[in-house]
Amino acid sequence: MTATAATTIAVDDLLLEMLAIPSPTGSEWRLAAALRDRLAGAGFDAEIDPAGNVVAGWGDGPREVMLLGHLDTVPGTIPPRREAGRIFGRGSVDAKGPLAAAITAVALQPRHGPARFTVIGCVDEEGDSRGARQVATRPSPATLIVLEPSGWDAVTVGYRGIVRAELRIEDALRHRAAPESTVADRLVALLARLQAELEERGAARGPFHRADLRVTGLEVMDTGLRETAVARLQFRLPPDLDSTSLLDWLDGERGEAELLVQFATDAVHTPRDSRVARALTRAIRRQGGAPRHKVKTGTADMNLLVPRWGCAAVAYGPGDSHLDHTPDEAVDIAELERAVAVLSGALAELSR
Amino acid sequence: MAGLTAACPECDAQVAIGSDAEVGEIVSCPECGADLEIRGLAPAQLEVAPPEEEDWGE
């Protein structure tokens, strides 16, 4: 296909095409293949990388602007549809809407200039970021825009870190009427103590700036002779508590419990005056908005990539993130279109 | 508007404001690191930027 002028894509149609292919974490392949073909047909240089990410290039300038979204969604079927000015579907907000907006905006950019654009749809963002780890092996771009729902008139500059771990207590199985506590008794008491201490430490802080512990699973197993209680845990970390320090603290508090750690990444907090943050906020003003800056209590692929690359980075995308992972997930079509205009304006400024 | 500067309201250092700056933009004080919002350009005026909104989700 020859490199010619910009391409106009209808963002709402593109999003509905993407929503029509379910892609819960671990099952992104079909969407990746379809999106690769769709992007190639629209003039992108599109391929699927070894991790299964869709990687699509546009333009040939020396300065790379990377727009990184994710293909996977949390589970749950919401029939994709257009209704009352909104598009419903699992992933419409988190995060196929932001990815569709970015693809549409990039395709509006001229192909020959100082910038080249790389749009990536990662796999496994809702899991352990296997897709982002593959992307991390690439050279750093000059600028990174992570595609997550900040809202069309806001830019996200911070995400908390995360530690996923297990605490396990094993002991001889005793009669339930015996005076000794069970392993589950002792594990629950430990968890309550950990949560109380984190709450006390964070009492005077806002949600982004405090650490918290959520128990995501509890199980008790026995062999008839011995019993084991297992708690699956998710810690979220503020910028002033790194994962190494948290784990050192846990080692000091866990007592008889065994600690197993599956995944850890620290918080990220990027400057509000970076060139990319300014380009987006200017573009928001041009569209009649009053730009806002947000920091989020969740964790994104930005946490993994910014420490490695050190490049300017923000997250941006249409949608209300409070609808993430809910049965009511939907994005306003007008917001989707405004986000395309904002991104297009910002990319044009970043190309100068 | 080339060469604009304004005093940092936190530490009084002179902060350079770019020729293409807009009212409402955030600049960082090179001395104390405070985030400052441009409240005016003629004359140049800076105020401490409001903190970021803290929001749950991704």
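Refer to the preceding data block for the structure.
Everything in this summary refers to the structure shown in the same document.

The next subject is the overall build of chain B. On a plain count of helices and strands, chain B comes out with 0 helices and 6 strands. Mapped in sequence order, the helices and strands of chain B form the string β-β-β-β-β-β. The dimensions of chain B, computed from C-alpha atoms along their principal axes, are 40 × 25 × 15 Å. Sorting the 58 residues of chain B into buried and exposed places 41% on the buried side. Expressed as a percentage of contacts within chain B between residues at least 6 apart in sequence, the contacts between residues at least 24 apart total 22%.

Okay, the state of the cysteines next. All names here are of chain B. Taken as a whole and judged by the stated rule, the model has 0 disulfides over all chains. Cys-29 provides the cysteine sulfur closest to Cys-8, a residue in no disulfide bond, and the two sulfurs are 3.7 Å apart. The exposure class assigned to Cys-8 is buried, which follows from its relative accessible area of 2%. In this structure Cys-29 is not part of a disulfide, and its nearest cysteine sulfur, from Cys-11, lies 3.6 Å away. Looking at Cys-29, the relative accessible area reads 3%, which means it is buried.

The description of two aromatic rings rests on the distance between their centres and on the angle between their planes. Residues and elements named next belong to chain A. Summed over the entire model, instances satisfying the criterion amount to 1 aromatic pair over all chains. Both rings, one in Phe-44 and one in Trp-58, keep their centres 4.8 Å apart while their planes meet at 50°; by these two values the pair is tilted. In this pair, Phe-44 sits in the loop between helix 2 (29-41) and strand 1 (45-48) while Trp-58 sits in strand 2 (residues 54-58), placing the two residues 14 residues apart along the sequence. An identical accessibility class is assigned to Phe-44 and Trp-58; each is buried. If you follow Arg-81 out to its NZ or CZ, it ends over the ring of Phe-88, 4.3 Å from the centre. A cation sits over an aromatic face here: Arg-111 above Trp-58, 3.8 Å from the ring centre.

Within the span of helix 8 (residues 302-309) of chain A, buried status applies to Met302(A), Asn303(A), Leu305(A), Val306(A) and Trp309(A). Downstream of helix 8 of chain A by one or two residues, Gly310(A) has phi in the positive range, about 70°.

Time to look at the pattern of salt bridges. One pass over the structure, following the stated rule, counts 37 salt bridges over all chains. In this structure, the salt-bridge partner of Arg90(A) is Glu329(A), at a minimum N-O distance of 2.6 Å. Taken together, the residues Arg90(A) in the loop between strand 5 (86-88) and helix 3 (96-106) and Glu329(A) in the loop between strand 15 (312-315) and strand 16 (330-332) connect sequence positions 239 residues apart. Residue Arg226(A) pairs with Glu170(A) through a salt bridge whose shortest N-O separation is 2.9 Å. On the criterion of sequence distance, the pair formed by Arg226(A) in strand 11 (residues 226-237) and Glu170(A) in strand 9 (residues 161-172) is long-range, its members being 56 residues apart. You can call Glu170(A) partly exposed: its relative accessible area is 46%. By sharing partners, the salt bridges in this structure join Arg278(A), Arg282(A), Arg285(A), Arg286(A), Glu349(A), Arg352(A), Asp20(B), Glu22(B) and Glu25(B) into a single network.

Parameters at a glance
Residues numbered from 1 in each chain as written. Chains lettered and ligands numbered in written order. Predicted model: local features only at pLDDT ≥ 70, side-chain atom pairs only at ≥ 80, totals over all residues. Heavy atoms only, no water. Helix = DSSP H or I, 4+ residues; strand = E, 2+ residues; numbered from the N terminus. Buried < 20%, exposed > 50% of the residue type's maximum accessible area, 1.4 Å probe, protein only. Contact = heavy atoms within 4.5 Å. Disulfide = S-S within 2.5 Å. Phe/Tyr/Trp six-rings, centres within 6.5 Å; stacked < 30°, edge-to-face > 60°. Lys NZ or Arg CZ within 6 Å of the ring centre and 35° of its normal. Salt bridge = Lys/Arg side-chain N within 4 Å of Asp/Glu carboxyl O.

None of this, on its own, says anything about what the molecule does.
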